[in-house]
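Fold and geometry: a report
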Amino acid sequence: MGVVNVTPDSFSDGGRFLATDDAVAHGRELLADGADLLDIGGESTRPGATRPLVTEELARVVPVIEELAAAGAVVSVDTMRAEVAEAAIAAGARVINDVSGGLADPRILEVVADSEAIYVAMHWRAHGATMQQFTEYADGVVETVRTELSARLEAALAVGIAAERLVVDPGLGFSKTAEQNWELLRGLDRIADLGRPVLVGASRKAFLGRLLARPGGSPRPVGERESAHTAITVLLAQAGVWCTRVHDVRAARDALAVYERMSERNSR
Ligand code: PMM
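Now for a description of the structure that goes with this document. Everything numeric in this text was worked out from a predicted model, so none of it was measured.

1. What about the overall build of the chain?
Secondary structure summary: the chain contains ten helices and eight strands in total. For 268 residues, the compact-globule estimate of 2.2 N^0.38 gives 18 Å, and the C-alpha radius of gyration of the chain, at 18 Å, lies within 12% of that figure. Taken over the C-alpha atoms alone, the chain extends approximately 45 × 45 × 40 Å along its principal axes. A total of 268 residues make up the chain; the buried ones form 50% of that total.

2. So, the packing of helix α1 (residues 20-32) against helix α2 (residues 54-70)
For any two helices packed against each other, one specifies the crossing angle of their axes together with the interaxial distance. Closest axis-to-axis distance for the α1/α2 pair is 9 Å, and the angle between their directions is 40°. In the packing of α1 onto α2, the handedness of the crossing is right-handed. Contacts between α1 and α2 involve Thr 20, Ala 23, Val 24, Gly 27 and Arg 28 on the former and, on the latter, Pro 63, Val 64, Glu 67 and Leu 68. Class assignment of the residues belonging to the contact of α1 with α2 gives a composition of five nonpolar, two polar and two charged.

3. Describing unusual backbone geometry
At Ser 175, a position not held by glycine, the phi torsion is positive, near 55°. Mapping Ser 175 onto the fold places it in the loop between β6 (166-169) and α6 (178-186). One non-glycine residue with positive phi stands out, namely Arg 204, at about 65°. Of note, Arg 204 is situated in the loop between β7 (199-200) and α8 (206-211). The exposure class of Arg 204 is buried, given its relative accessible area of 16%.

4. Things to note about the pairing of strand β1 (residues 2-5)
On a regular strand, one side chain projects to one face of the sheet and the next to the other, so that they alternate. Residues Gly 2 and Val 4 of β1 are buried on one face, and the alternating residues Val 3 and Asn 5, pointing to the opposite face, are buried as well. In this sheet, strand β2 (residues 38-41) lies alongside β1 in parallel orientation, the contact comprising four bridges. Looking across to β2, one finds that Asn 5 is bridged to Gly 41. Crossover connection from β1 via α1 to parallel β2: handedness right-handed.

5. Considering the packing of helix α5 (residues 141-158) against α6
Where α5 contacts α6, the axes come no closer than 9 Å and their chain directions differ by 75°. Our classification of the angle between α5 and α6 gives roughly perpendicular. The segment α5 lies against α6, with Val 141, Val 142 and Val 145 engaging Gln 180, Glu 183 and Leu 184. Classifying every residue of the contact of α5 with α6 by side-chain character gives four nonpolar, one polar and one charged.

6. Side note on the site of the ligand
In the vicinity of the ligand, 15 residues are found, and the nearest of them are Asp 78, Asn 97, Asp 169, Lys 205 and His 247. One of the side-chain nitrogen or oxygen atoms of Asn 97 is found 2.7 Å away from a nitrogen atom of the ligand. Between the ligand and Asp 169, the relevant distance is 2.6 Å, taken from a nitrogen atom to a side-chain nitrogen or oxygen of the residue. The protein chains hide 97% of the 420 Å² of surface that the ligand would expose on its own. Here the residues of the shell around the ligand are counted per class, giving five nonpolar, six polar and four charged.

7. Quick notes on the packing of aromatic side chains
Across all of its chains, the model carries one aromatic pair by this definition. Taking the centre distance of 4.9 Å and the plane angle of 70° together, the rings of Trp 182 and Phe 207 count as edge-to-face. Placement of the pair is Trp 182 in helix α6 and Phe 207 in helix α8, with a sequence separation of 25 residues. Positioned above the aromatic ring of Tyr 137, the side-chain terminus of Arg 125 is 3.9 Å from the ring centre.

8. Some points on α1
Counted at 1.5 Å a residue, the expected span for α1 with its 13 residues is 18 Å, and the 18 Å between its end C-alpha atoms agrees. By the burial criterion, the buried members of α1 are Ala 23, Val 24, His 26, Gly 27 and Leu 30. Down the axis, α1 shows its buried residues gathered within 160° of arc, on one side only. Residues of α1 that are exposed and point more than 90 degrees away from the buried face comprise Asp 21 and Ala 32.

9. Re the side chain of Arg 196
Note that Arg 196 resides in the loop between α7 (188-192) and β7. Within the buried core, Arg 196 has no salt-bridge partner, and the shortest N-O distance to an opposite charge, that of Glu 164, equals 5.5 Å. A polar contact is formed between the side chain of Arg 196 and the backbone oxygen of Ala 163, at a distance of 2.9 Å. In terms of polar contacts, Arg 196 uses its side chain to reach the backbone carbonyl oxygen of Leu 166, at 3.0 Å.

Procedures and definitions
- Starting afresh in each chain, residues are numbered from 1 along the sequence in its written order.
- Restriction of local features to residues with pLDDT of at least 70 applies here, the model being predicted, together with a cutoff of 80 or more for giving and counting side-chain atom pairs; totals for whole chains, interfaces and linings are based on all residues.
- With hydrogens and water excluded, all non-hydrogen atoms of the structure serve as input to the side-chain values.
- The numbering of helices and of strands both runs from the N terminus, where a helix is a DSSP run of H or I of at least 4 residues and a strand a run of E of at least 2.
- A radius of gyration in this sense is built from C-alpha atoms; the matching globule rule multiplies 2.2 Å by the number of residues raised to 0.38.
- Accessible area is worked out with a 1.4 Å probe on protein chains only. A residue is then buried under 20% of its type maximum, exposed over 50%, and partly exposed in between.
- A fitted line through C-alpha atoms serves as each axis, taken over the contacting stretch for helices, and the angle formed by two N-to-C directions is quoted from 0 to 180°.
- Definitions for this section: a left-handed crossing has its near helix turned counterclockwise from the far helix by less than a right angle. A right-handed crossing has that turn clockwise.
- Contact definition: two residues touch when any of their heavy atoms are within 4.5 Å.
- Residue classes follow a fixed rule: Ala, Val, Leu, Ile, Met, Phe, Trp, Tyr, Cys and Pro count as nonpolar, while Asp, Glu, Lys and Arg count as charged, and any other residue, Gly among them, counts as polar.
- A pair of strands counts as paired when DSSP detects no fewer than two bridges linking them.
- When the strands point away from the viewer and the connection leading from the first strand across the helix to the second strand turns clockwise, the crossover is called right-handed.
- Relative orientations are named as follows: roughly parallel for angles under 35 degrees, roughly antiparallel for angles over 145 degrees, roughly perpendicular for angles from 65 to 115 degrees, and oblique for any other angle.
- For this purpose, a residue is taken to be near a molecule or strand whenever a single non-hydrogen atom of the residue falls within 4 Å of it.
- In the analysis that follows, any N or O atom pair within 3.5 Å is treated as a polar contact, provided that within protein one partner can donate a hydrogen and the other can accept it, and provided that, for residues neighboring in sequence, both atoms belong to side chains.
- Per-residue and other accessible areas were derived by the Shrake-Rupley procedure at a 1.4 Å probe size, with only the shown protein chains allowed to occlude residues.
- A pair of Phe, Tyr and Trp rings is counted when the ring centres sit within 6.5 Å of each other, with Trp represented by its six-membered ring. The angle between the planes then sorts it: under 30 degrees is stacked, over 60 is edge-to-face, the rest tilted.
- Both a distance and an angle decide whether a charge sits over a ring: NZ of Lys or CZ of Arg must be within 6 Å of the ring centre and within 35 degrees of the ring normal.
- Any helix carries an expected span of 1.5 Å times its number of residues minus one.
- The directions from the helix axis to the C-beta atoms are what the arc is built from.
- For the charge count, each Lys or Arg is scored as positive and each Asp or Glu as negative, with His and the chain ends excluded.
- The salt bridge definition used is simple: a Lys or Arg side-chain nitrogen within 4 Å of an Asp or Glu carboxyl oxygen.

Okay, here's the thing in structure tokens:
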């Protein structure tokens with residue numbers, strides 16, 4: 001899943017693709033690099049972010065979705081809002097990627113139920129402005145995230161979204177410390193036990209910057225975390241993850257090509 005952030009303030013690429021033409025051109029590049037899916041987002045979810053107006057979010061994503069869907073891309077919309085999900089589906093989106101798992105705007109589940117879209121339910125506790133205040137996990141991060149995600153799946157099933165249309169995501173960096181992200185990556189089999197395909201977004205996130213900092217030094221900048229993420233891509237493939245959400249599709253594709261070739265040889 002290649003990321004197209006149509007935002008002024010995303011942590012890794014904010015402002016670069018805010019104009020429709022730039023976002024569409026970027027989406028086309030990601031497709032050429034081998035993306036199976038393009039995730040179009042109009043709201044930055046980084047820690048401390050303020051929310052755009054619904055009208056702003058709609059104006060950012062709808063024209064980009066229309067163009068990329070018309071160009072044949074399988075399009076996902078990264079939104080927590082029912083109104084945006086509805087407009088995105090009408091514009092050709094086939095996946096609703098809701099980082100709040102239906103908690104921010106519960107009506108989004110009904111919108112999905114009334115469509116044929118796939119629904120990605122990510123683990124989430126609060127909006128960007130306050131999310132890092134909620135990093136307490138009573139049963140440990142893996143078991144607690146599993147329980148809370150399971151409740152989101154129940155809510156989606158209850159409004160009539162078929163189980164086959166549901167995907168889960170542990171939500172790395174959302175109300176999680178760096179160590180909790182690593183624990184979740186180590187414990188992905190427990191998330192997969194929920195019985196649904198797993199999506200993971202680790203690309204360029206702060207925990208990688210922290211890992212790569214020199215002793216006592218500041219985190220490695222966003223643009224210099226790709227090799228670490230490439231390693232994660234391989235390990236996620238090995239763990240059987242269904243989808244990885246990435247900024248650099250070419251690097252991820254290259255890594256998967258190596259992984260697939262080596263697993264072939266090893267399975268002979
Ligand atoms: N991370 C971000 C945004 N959307 N969606 C899903 N499903 N999973 C994620 O981990 C995720 C997401 C934040 O990253 P960005 O600002 O680089 O898009």
